[in-house]
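In case you want the letters, here they are:
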Amino acid sequence: HTRRAVRRLTGVLVAMAVGAFVGDWLLSHAHTYAPVLPVLVIALVIATASVAFKHEPARSPCRPRVGRRLSLEWARAARRRGTTSPSCPASDAS
């Protein structure tokens, strides 16, 4: 297993255990804290997502991940066809 997979598995197991404890605690204190919990969970999800996706660059799903030279050739081929980008195999199928 890769370190990334082990880290993800560990995170899932820890989250399940924490969720079980919080769920048990919430059942005994439901009337007091239940209205606050959804807001806290949403804030935690947004914060986690902003950190996780911060360094992921936006790119077209059709543009291949290739070296600079191949990217330039890809763009030149698009210009020869008179399009802004080469056709996407995913869009050709539809």
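Keep in mind the model is a prediction, meaning the values are calculated, not measured.

Caption draft 1: Structural view of the overall build of the protein chain. Helix and strand counts for the protein chain come out as five helices and zero strands. Each helix and strand of the protein chain, placed in order from N terminus to C terminus, yields the pattern α-α-α-α-α. Here the protein chain, with 94 residues, has 6% of them falling under the buried criterion. A total accessible area of about 8600 Å² is found for the protein chain, and carbon and sulfur atoms account for 66% of it.

Caption draft 2: Structural context of the packing of aromatic side chains. The tally for this structure, following the rule as stated, stands at one aromatic pair. A centroid spacing of 4.8 Å and a plane angle of 40 degrees characterise the contact between Trp25 and Tyr33, whose relative ring orientation is tilted. Under the relative-accessibility criterion, Trp25 is labelled partly exposed at 40%.

Caption draft 3: How the structure looks around the confidence of the model for the protein chain. On average, residues of the protein chain score 76 in pLDDT, and 65% of them are at 70 or above. Mean pLDDT across the secondary structure elements of the protein chain bottoms out at helix α5 (residues 89-92), with 46, and peaks at helix α1 (residues 3-28), with 92. Scored below 50 in pLDDT, residues 90-94 makes one contact in the model with residues more than four places away or belonging to other chains.

Calculation rules
Residues numbered from 1 in each chain as written. Predicted model: local features only at pLDDT ≥ 70, side-chain atom pairs only at ≥ 80, totals over all residues. Heavy atoms only, no water. Helix = DSSP H or I, 4+ residues; strand = E, 2+ residues; numbered from the N terminus. Buried < 20%, exposed > 50% of the residue type's maximum accessible area, 1.4 Å probe, protein only. Areas by Shrake-Rupley, 256 points an atom, 1.4 Å probe, with all protein chains shown as cover. Phe/Tyr/Trp six-rings, centres within 6.5 Å; stacked < 30°, edge-to-face > 60°. pLDDT = per-residue confidence, 0-100. Contact = heavy atoms within 4.5 Å.

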